[in-house]
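Topology and contacts: notes
Chain residues, written in single-letter form:
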Amino acid sequence: MAQKIIIDTDPGQDDAVAILLALASPELEVLGITTVAGNVPLDLTQLNARKIIELAGRPDIPVFAGCDRPLSRDLVTAEHVHGKTGLDGIALPDPSVPLQDRHAVDFIIDTLRAQDPGTVTLVPIGPLTNIAQAFRRAPDIVARVQQIVLMGGAYFEVGNITPAAEFNIYVDPEAAAEVFDADVPLVVLPLDVTHTALTSREWVDAMAALPGRCGPAVAGWTDFFERFDKEKYGSLGAPLHDPCTIAWLLRPDMFTGRHINVQIETEGRWTTGMTVADWWRVTDRAPNALFLRQVDHDALFDLLAERIARLP
Ligand code: BDR
Ligand code: CA
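Conventions we followed
- Residues numbered from 1 in each chain as written.
- Chains lettered and ligands numbered in written order.
- Predicted model: local features only at pLDDT ≥ 70, side-chain atom pairs only at ≥ 80, totals over all residues.
- Heavy atoms only, no water.
- Helix = DSSP H or I, 4+ residues; strand = E, 2+ residues; numbered from the N terminus.
- Buried < 20%, exposed > 50% of the residue type's maximum accessible area, 1.4 Å probe, protein only.
- Contact = heavy atoms within 4.5 Å.
- Areas by Shrake-Rupley, 256 points an atom, 1.4 Å probe, with all protein chains shown as cover.
- Lys, Arg positive; Asp, Glu negative; His and termini not counted.
- Charge placed at Lys NZ, Arg CZ, Asp CG, Glu CD.
- Near = heavy atom within 4 Å.
- Polar contact = N/O pair within 3.5 Å; in protein donor to acceptor, adjacent residues only side chain to side chain.
- Nonpolar A, V, L, I, M, F, W, Y, C, P; charged D, E, K, R; others polar.
- Donors = N, O, S within 2.8 Å, 3.2 Å for Na, K, Ca; no water.
- Arc of directions from axis to C-beta.
- Pairing = 2+ DSSP bridges.
- Axes fitted to C-alpha atoms, helices over the stretch in contact; angles between N-to-C directions.
- Salt bridge = Lys/Arg side-chain N within 4 Å of Asp/Glu carboxyl O.
- Core = buried A, V, L, I, M, F, W, Y, C linked by side-chain atoms within 4.5 Å.

**Observations regarding the overall build of the protein**
Assigned secondary structure in the protein consists of twelve helices and ten strands. Buried residues in the protein amount to 60% of all 312 residues. For the protein, restricting intrachain contacts to residue pairs at least 6 apart in sequence, the fraction spanning at least 24 positions comes to 82%. For the protein, the accessible area works out to roughly 12,200 Å², and carbon and sulfur atoms hold 51% of it. Taking the average place of the 25 positive charges on the side chains of the protein and the average place of its 43 negative ones, the gap between the two points comes to 1 Å.

See below:
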């Protein structure tokens, strides 16, 4: 039976590739896509999510709009990385599939209550606001979550939005702290992994040459997205951060990491949003996360290519 997942997202070109990878994978059943403010404001993230499911030929996947700002801070966005629309790189038509009426937080709560306990995995690939709100409003659902597989944080690689913090955690550190404290099985794909998940020219060219529309879309997005990291880090390609979550669900054997304690800094003078990972186990704080550190790059990109080629 397919693994049931809810993708909580702020698309974002790399979010878009993650959604395509999930929709191309029969091992996964995407129950819904919940959107949150992050890379760009909520009105754009929900619109982008609807464009992506139509591109994938899956208008049956319900898309919900969630929180339009962090729990207790002003929203920080990342147009400097993702462009004005959040999904710059190719022009997609306005979607005809409507936004669902229900709030994303209600959908998360209702779904976890309706499905058997321990059968639904949450995959947050943006700020953790919707997930924290769902846990605040319905504490009974926390024990029903199978696991959370999220993209966020960094330890050895430190920050991308500040010297200490990764974007998803930085935008809503209070939400992240609540989720990391929730006592739910947690799998973390930090920058330590995702900054090595870099596209190559050959891979992007192969995507562009695929006969359907999704491959060329992935090529257009990654071409746009890579210019930022090339300038900033001198890296060779675009980091496919968010697809690493879906790839971990499909092929956990491609990744290595440690079960460790991870705390979220919410009060730092310079370090707000830092994921303080006890990699060396120098405290007696109990492990609360599987914190991944490495991925088999070639296996990851082979998987992505094989799956994207299945899409229209
Ligand atoms: C994360 O921030 C966003 O810009 C990306 O979509 C990814 O989820 C990387 O720090
Ligand atoms: Ca994202």
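**Side note on the site of ligand 1**
Surrounding ligand 1, one finds Asp14, Asp15, Asn39, His82, Ile125, Met151, Asn160, Glu166, Phe167, Asn168, His241 and Asp242. Asn168 is positioned with one of its side-chain polar atoms (N or O) 3.0 Å from an oxygen atom of ligand 1. In isolation ligand 1 offers 290 Å² of accessible surface; the protein chains occlude 97% of this area. Among the secondary structure elements, those contributing two or more residues to the shell around ligand 1 are helix H1 (13–23) and helix H6 (167–171). When its residues are assigned to classes, the shell around ligand 1 shows three nonpolar, five polar and four charged.

**Comments concerning the coordination of the calcium ion (ligand 2)**
Surrounding the calcium ion (ligand 2) are the protein donor atoms Asp10 (OD), Asp15 (OD), Asp15 (OD), Ile125 (O) and Asp242 (OD), at 2.2 to 2.6 Å. Read in sequence order, the donor residues coordinating the calcium ion (ligand 2) give the pattern D-x4-D-x109-I-x116-D. Residue Asp10 is located in the loop between strand E1 (3–9) and H1, and its partner Ile125 is located in the loop between strand E4 (120–124) and helix H5 (129–137); the two are separated by 115 residues in the primary sequence. Among the residues examined, Ile125 registers a relative accessible area of 1% and is labelled buried.

**With respect to helix H9 (residues 201–208)**
If you check which residues of H9 are buried, you get Trp203, Val204 and Met207. The buried residues of H9 all sit within an arc of 95 degrees when viewed along its axis, so they share a single face.

**A word on unusual backbone geometry**
In this chain, Pro11 is followed by Gly12 through a cis amide linkage whose omega measures -5 degrees. By the secondary structure assignment, Gly12 is in the loop between E1 and H1. Despite not being glycine, Asp183 shows a phi value in the positive range, around 65 degrees. Mapping Asp183 onto the fold places it in the loop between helix H7 (173–180) and strand E6 (186–189). In this structure, Arg281 takes a positive phi of about 50 degrees despite not being glycine. In this structure, Arg281 sits in the loop between strand E9 (275–277) and strand E10 (289–295). Under the relative-accessibility criterion, Arg281 is labelled exposed at 52%.

**A look at the sheet that holds E4**
Pairing in this open sheet of eight strands is mixed, and the strands run E3-E2-E1-E4-E5-E6-E10-E7 from one edge to the other. Since the sheet does not close on itself, it has two edges, and those belong to strand E3 (63–65) and strand E7 (255–260), each with one partner. The sheet shows a mean angle of 25 degrees between the axes of neighbouring strands, direction not considered. As defined by bridge partners, strand E5 (residues 145–151) adjoins E6 across four bridges and the pair is classed as parallel. Counted as the bridge partner of Val149 is Val187 from E6.

**Some thoughts on the pattern of salt bridges**
Evaluated as defined, the whole model comprises 13 salt bridges. Its salt-bridge partner being Arg307, residue Glu27 comes within 2.8 Å of it at the nearest N-O pair. Pair noted here: Glu27 is in the loop between H1 and strand E2 (28–35) and Arg307 is in helix H12 (residues 297–308), with a separation of 280 residues, a long-range link. With a relative accessible area of 35%, Glu27 lands in the partly exposed category.

**Topic: the nonpolar core**
Leu20, Trp221, Ile246 and Phe255 are the most contacted members of the largest nonpolar core, which has 61 residues in total. Setting aside anything within four residues of it in sequence, one finds Trp221 in contact with Gln13, Ala16, Val17, Leu20, Leu55, Leu87, Asp88, Ile90 and Leu92. Grouped together as the second largest cluster of nonpolar side chains are 41 residues, Ile108, Ile260, Ile264 and Trp279 included.

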